[in-house]
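Spelled out, the chains give:
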Amino acid sequence: MKKITLKEIAQYFGVSISTVSKAINDSHEISDGLKAKIQQFAKDNKYRPNKVALSLLQRKTKTIGVVVPNILNYFFTQVFSGIEKVANERGYILLSCISDESYEKEVATLEFLGGGTVDGLIVSMAEETQFKNKLEHFQNILDEQIPLVMFDRVSDGIICDKVVVDDFEAGYKTTKYFINIGCRTVALVTAIDHSSVGKLRVEGYRKALEEANIPFDDKLILRLGKEDDLEVLLTFLLNYKSIEGIMALDEITAVEVLRLIKARGYRVPEDISVIGFTNGKLSRYVSPALTAVSQHGTYIGETAAKVLIERIESKEYIDSTTKVIKTSLIVRDSTKRV
């Protein structure tokens, strides 16, 4: 829904934009009666003033805020690179922040970036935020009429522009690849179990198993918490059943899985094939080189930046859009050949 503007409030009351601005900012120059009416109308219509922008007489900051949940994940590094490329080309600078997967930190960060500090925001939600499904801080940003683009980890509860990976298809296609190379017992290791992307990849995994008439076994999903010891949990997994393939849902976990199973004497890919998500430098330079799901992070960043800048600079209302990016499987030496 289109957000109400100062101009529209001014037209409703038959006064100038300056009068509305002063009333909302509680200026003594406006009568108490008119001020109360304007403030109540603004509240009822969810108008929230962009204080910094008002003080700068509507000048733009030419700054974009970027909030990512985990900078150690190479995917987010790639996305940031894509955002920076487009932002630089269009004359914008970036203010980058890390939520560290924390709901509280994400709330504080958006509060800091709101109110006119930036012209728009590009955000991937923290895992804790998705788990709690608390979205008020995002709605506050929209109520302040700050353009918002969510990427990768998004919520259906927030109506804004989104750029997402087809994570269901990625989990599905990766599991199908395992099955096609002869792996019938495929385990999945996830450190992002509470995130939307992690859940979608697991759903894709289940669908591929179902189509191949392979029973789904929840014990083959290793869910890692922050305090969990991967080596211990992986030992339990390998002792539980003869594993032929392992899909790890982020690059660092995939590399660590590869190291641990080799240390236990398994040959990769002869005994166990391994595929990781995010086609980063680690995947290329470990031995054997990891087969990886490329999420095209740089392209996602470029797309998110273009969508945001278009909305910032548009003088007309534009309906929210969702752009879906397909993944690619980069086959290397950690999987058997078809």
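What you see is a predicted model, and the numbers here were worked out from it, not measured in a lab.

Some remarks on the side chain of Glu-101
In this structure, Glu-101 sits in the loop between β2 (93-98) and α6 (103-113). For Glu-101, a relative accessible area of 12% translates into the label buried. Beyond its immediate sequence surroundings of up to four residues, Glu-101 is in contact with Pro-69, Asn-70, Ala-126, Glu-127, Glu-128, Arg-153 and Lys-226.

Some words on the sheet that holds strand β7 (residues 221-223)
Across the sheet, which stays open at both edges, the six strands sit in the order β7-β6-β8-β9-β10-β12 with mixed pairing between neighbours. The sheet is open, and its two edges are formed by β7 and β12 (328-330), each paired on a single side. Direction aside, neighbouring strands of the sheet carry axes that sit 20° apart on average. Across three bridges, strand β9 (residues 273-277) lies against strand β10 (residues 291-294) in parallel orientation. Paired with Phe-277 across the strands is Val-293, a residue of β10. Where helix α10 (residues 196-211) meets the sheet, its contacts fall on β6 (186-190), β7, β8 (245-248) and β9, and the angle it forms with β6 comes to roughly 175°. Its contacts with the sheet put helix α12 (residues 251-263) on β6, β8 and β9, and the angle it makes with β9 is roughly 160°.

Some remarks on the environment of Lys-176
Summarising the element assignment, Lys-176 is placed in helix α9 (residues 167-180). Distance from Lys-176 to Arg-332, taken between C-alpha atoms, is 16 Å for residues 156 residues apart in sequence. Residue contacts for Lys-176: discarding those within four places in its chain leaves Ala-208 and Glu-211.

Some words on the domain arrangement of the protein
Split into domains, the protein comes out as domain 1 (6-49), domain 2 (60-165 + 297-325) and domain 3 (167-295). Between the C-alpha centres of domain 2 and domain 3 there is a distance of 29 Å. Listed as interface residues are 17 residues of domain 2 and, on the opposing side, 17 residues of domain 3. Taking both sides of the interface into account, the surface hidden between domain 2 and domain 3 amounts to around 1,300 Å²; carbon and sulfur atoms contribute 50%. Three residues stand out in domain 2 for area buried against domain 3, namely Tyr-74, Glu-127 and Val-165, and they jointly supply 39% of the buried area on that side. At the junction of domain 2 and domain 3, the tally comes to zero salt bridges. For the interface between domain 2 and domain 3, the tally reads five residue pairs in polar contact (both at pLDDT 80 or more). Counting only elements with at least two residues in the side of domain 2 that touches domain 3, the list comes to α5 (74-89), α7 (127-132) and α14 (297-313). A breakdown of the residues in the side of domain 2 that touches domain 3 according to their chemical character gives eight nonpolar, four polar and five charged.

Notes on unusual backbone geometry
Keep in mind that most residues, glycine aside, have a negative phi and that most peptide bonds are trans. With omega at 10°, the peptide bond leading from Val-268 into Pro-269 counts as cis. Note that the residue after Ser-287, namely Pro-288, is joined by a cis bond; omega there is -5°. Residue position: Pro-288 is located in the loop between α13 (281-285) and β10. In this structure, Asn-133 is a non-glycine residue whose phi angle is positive, near 55°. Its location among the elements puts Asn-133 in the loop between α7 and α8 (136-143). Residue class for Asn-133 comes out exposed when judged on its relative accessible area of 52%. Positive phi, normally seen in glycine, also occurs at Thr-278, with a value near 80°. Taking the relative accessible area as the measure of exposure, Thr-278 reaches 2% and is therefore buried.

Focus on the nonpolar core
Grouped together as the largest cluster of nonpolar side chains are 42 residues, with contacts concentrated most on Tyr-205, Leu-230, Leu-234, Ile-246 and Ile-261. At the level of elements, α9, β6, α10, β7, α11 (230-240), β8, α12 and β9 are the ones that each hand at least two residues to this core. The greatest single-element share of this core, amounting to six residues, is contributed by α12. Beyond its immediate chain neighbours, meaning those up to four positions away, Ile-246 contacts Phe-178, Ala-187, Val-189, Leu-234, Val-257, Ile-261, Ile-272, Ser-273, Val-274 and Ile-275. Residues Phe-75, Phe-76, Val-165 and Ile-312 belong to the second largest nonpolar core, which totals 23 residues.

Definitions and cut-offs
- Numbers given to residues run from 1 along each chain, matching the order in which its sequence is written.
- Local features in a predicted model are, by the rule used here, given only for residues with pLDDT of at least 70; side-chain atom pairs are given and counted only at 80 or more, and totals for whole chains, interfaces and linings are based on all residues.
- With hydrogens and water stripped out, all remaining heavy atoms of the structure feed into the side-chain values.
- Each helix corresponds to a stretch of at least 4 residues labelled H or I by DSSP, and each strand to a stretch of at least 2 residues labelled E; elements are numbered beginning at the N terminus.
- Residue burial is assigned from relative accessible area. The probe radius is 1.4 Å, only protein chains are included, and a residue is buried under 20% of its type maximum, exposed over 50%, and partly exposed in between.
- The contact criterion used throughout is that any non-hydrogen atoms of two residues lie within 4.5 Å.
- A pair of strands is treated as paired once DSSP finds two or more bridges between them.
- Angles here are taken between N-to-C directions and fall from 0 to 180 degrees, while the axes themselves are lines fitted to C-alpha atoms, restricted in helices to the stretch in contact.
- As annotated, the domain borders come from an automatic or database domain assignment.
- Summed over both partners, buried area is the accessible surface (1.4 Å probe) that two parts give up on being assembled.
- Salt bridges are counted wherever a side-chain nitrogen of Lys or Arg sits within 4 Å of a carboxyl oxygen of Asp or Glu.
- Two N or O atoms count as a polar contact when they lie within 3.5 Å, although within protein this holds only if one can serve as hydrogen donor and the other as acceptor, and sequence-adjacent residues are included solely when both atoms are side-chain atoms.
- Three categories are distinguished: nonpolar for Ala, Val, Leu, Ile, Met, Phe, Trp, Tyr, Cys and Pro, charged for Asp, Glu, Lys and Arg, and polar for the others, with Gly belonging to the last.
- Here, nonpolar core refers to any group of buried Ala, Val, Leu, Ile, Met, Phe, Trp, Tyr and Cys residues whose side-chain atoms link them within 4.5 Å.

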